[in-house]
Amino acid sequence: MTKPTREQIDAEFAARRAKAREEVNKLDRNTIHSEPERGAFFNTVYDRANDDAAQIPWADLAPKPQLAAWLKANPGNGQTALDIACGLGDNAEEIAAARYDTTAFDLSQTAIDWAKQRFPSSKVKYLAASLFEPPMEWRGGFELVNECYTLQALPPQMLDKSTRAIANLVKPGGTLLVYSRMRHNIETPDGPPWPLHENDLMKFADLGFSLVADERFEVVRGERKVHHQFAHWHKSP
Ligand SMILES: C[S@@+](CC[C@H](N)C(=O)[O-])C[C@H]1O[C@@H](n2cnc3c(N)ncnc32)[C@H](O)[C@@H]1O
């Protein structure tokens, strides 16, 4: 039998991931109104994946290219960094590789165990925790905070609370990176996910951050091109 090519393997993985996305969306719609924080949903997705990353619709198994480019231009020198809701750990690993003293957390213990298993000699401190009940010592504790796809993964009624929770983790004078899907239309979208509007991100300005740079781009998802933004914020000292 001939060995499958890289393209065939990737196509097969993408097809299984698309199928898994349909299934988890169905599962989600049944619980979303009873549990806006979606903890049970995320735990279920990781728990039932049985170590098959194709079952995790958001797992690219690679760091986000915009984050990687930012880190190349802004390497660390032992500064503290936090990756919020780290999933399977690819962004956290990239941050640590850029010489940041990196902590990464996710509410799912399964995701955390999986990340540790994928990166057995990692320098990242992985742990299970909730964004809404972080350890006390994390408050204002990190010089670099990276947030990727968490704000949009929580319903719009959670946005004020989630934005504030993220902002609280950044040290005064520190940096916050936010990677998200974006929408142009002001009306509340029918999620999940709930792509953000520019006004949503401006909540960080109200919390003492100034926008240093933002990159807008499109990510191809199947037949669609999805608007995205990668924003770099500075917290006032
Ligand atoms: C769409 S996924 C993105 C994961 C990862 N950041 C990435 O880009 O691959 C959202 C992640 O947020 C995590 N999550 C959701 N609510 C959370 C909370 N309150 N505290 C910590 N993690 C949370 C989920 O378990 C999930 O891993």
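**Side note on the sheet that holds strand E7 (residues 224-235)**
- An order of E3-E2-E1-E4-E5-E7-E6 is seen for the seven strands of this open sheet, with the pairing classed as mixed. Both edges of this open sheet fall to strand E3 (125-128) and strand E6 (209-221), since each of them pairs with a single strand only. Strand after strand, the sheet turns through a mean of 15° between neighbouring axes, direction not considered.
- Sheet analysis places strand E1 (residues 80-84) next to strand E2 (residues 101-106), joined by four bridges and oriented parallel. Paired with Thr 80 across the bridge in E2 is Asp 101.
- Helix H5 (residues 109-118) rests against E2 and E3 of the sheet, and its axis sits at about 160° to E3.
- Contacts between helix H6 (residues 159-168) and the sheet are confined to E1, strand E4 (142-148), strand E5 (170-181), E6 and E7, with E5 contributing the most and set at about 135° to the helix.

**Details of the side chain of Thr 175**
- Mapped onto the secondary structure, Thr 175 falls in strand E5.
- Those residues in contact with Thr 175, other than ones at most four positions away along the chain, are Trp 70, Glu 143, Leu 144, Val 145, Val 170, His 232 and Trp 233.

**A closer look at the domain arrangement of the protein chain**
- Structurally, the protein chain comprises domain 1 (6-55) and domain 2 (65-235).
- In this structure, domain 1 and domain 2 have C-alpha centres spaced 20 Å apart.
- Counting residues at the interface gives 17 residues for domain 1 and 22 residues for domain 2.
- Between domain 1 and domain 2, roughly 1500 Å² of surface is buried when both sides are summed, and carbon and sulfur atoms account for 58% of that area.

**Comments concerning the nonpolar core**
- Within the largest apolar cluster, 24 residues are counted, with the highest numbers of intra-cluster contacts made by Leu 176 and Phe 204.
- When residues of this core are traced back to their parent elements, those giving at least two are E1, E4, H6, E5 and E7.
- With four residues, H6 is the single largest residue contributor to this core.
- Counting residues in each nonpolar core, the second largest holds 15 residues, with Leu 144, Cys 148, Tyr 179 and Val 219 among its members.

**Points about the packing of aromatic side chains**
- Applying the stated criterion across every chain yields a total of ten aromatic pairs.
- Note on Phe 42 and Trp 58: the rings are 5.5 Å apart at their centroids and 70° apart in plane angle, and the pair reads as edge-to-face. Taken together, the residues Phe 42 in helix H2 (residues 39-48) and Trp 58 in the loop between H2 and helix H3 (65-73) connect sequence positions 16 residues apart.
- For the ring pair Phe 204 and Trp 233, a centre distance of 5.8 Å and an interplane angle of 50° mean the geometry is tilted. Taken together, the residues span a long stretch of sequence, with Phe 204 in helix H8 (residues 203-206) and Trp 233 in strand E7 at a distance of 29 residues. Note on accessibility: Phe 204 and Trp 233 belong to one class, buried.
- Members of the aromatic cluster, each reached through a chain of ring pairs, are Phe 41, Phe 42, Tyr 46 and Trp 58.

**Looking at the environment of Val 145**
- On the secondary structure map, Val 145 appears in strand E4.
- Expressed as a C-alpha distance, the spacing of Val 145 and Ala 104, which sit 41 residues apart in the sequence, is 9.8 Å.
- With residues up to four places along the chain from it excluded, the contact list for Val 145 reads Leu 82, Ile 84, Leu 169, Val 170, Thr 175, Leu 176 and Leu 177.

**Thoughts on the site of the ligand**
- Neighbouring residues of the ligand: 15 residues in total, closest Tyr 46, Ala 85, Asp 106, Leu 131 and Cys 148.
- Here a nitrogen atom of the ligand and a backbone polar atom of Ala 85 are 2.7 Å apart.
- Contact between the ligand and Asp 106: an oxygen atom at 2.6 Å from a side-chain N or O atom of the residue.
- Starting from 590 Å² of accessible surface for the ligand in isolation, the protein chains cover 95%.
- Secondary-structure elements contributing two or more residues to the shell around the ligand are H2 and E2.

Rules behind the numbers
- Here the residue index of a chain counts from 1 through its sequence in written order.
- Side-chain atom pairs in this predicted model are given and counted only at pLDDT of 80 or more, local residue features only at pLDDT of at least 70, and totals for whole chains, interfaces and linings cover all residues.
- Side-chain numbers here rest on the full set of heavy atoms in the structure, without hydrogens or water.
- Strands qualify as paired when DSSP identifies two bridges or more between them.
- Secondary structure elements are taken from DSSP: a helix is a run of H or I of four residues or more, a strand is a run of E of two residues or more, and numbering for both begins at the N terminus.
- Every axis in this analysis is a line fitted to C-alpha atoms, fitted for helices over the stretch in contact. Angles between the N-to-C directions lie between 0 and 180 degrees.
- Contacts between residues were defined by any pair of non-hydrogen atoms, one from each residue, lying within 4.5 Å.
- In this document the domain limits rely on a domain assignment from an automatic tool or a database.
- Summed over both partners, the accessible surface that disappears when two parts come together, traced with a 1.4 Å probe, is what is meant by buried area.
- Nonpolar core, defined: a set of buried Ala, Val, Leu, Ile, Met, Phe, Trp, Tyr and Cys residues in which side-chain atoms within 4.5 Å join the residues together.
- Think of it in three bands: with a 1.4 Å probe and only protein chains considered, a residue is buried below 20% of the maximum accessible area for its type, exposed above 50%, and partly exposed in between.
- Any Phe, Tyr or Trp ring, taking Trp's six-membered ring, that has another such ring centre within 6.5 Å forms a pair; planes under 30 degrees apart are called stacked, those over 60 apart edge-to-face, and the others tilted.
- Residue proximity to a molecule or strand is established when one non-hydrogen atom of the residue lies within 4 Å of it.
- Any pair of N or O atoms that falls within 3.5 Å is considered a polar contact. Within protein, one atom must be able to donate a hydrogen and the other to accept it, and sequence-neighbouring residues count only if both atoms are side-chain atoms.
- Computed with the Shrake-Rupley method and a 1.4 Å probe, the accessible areas treat only the protein chains shown as cover for residues.

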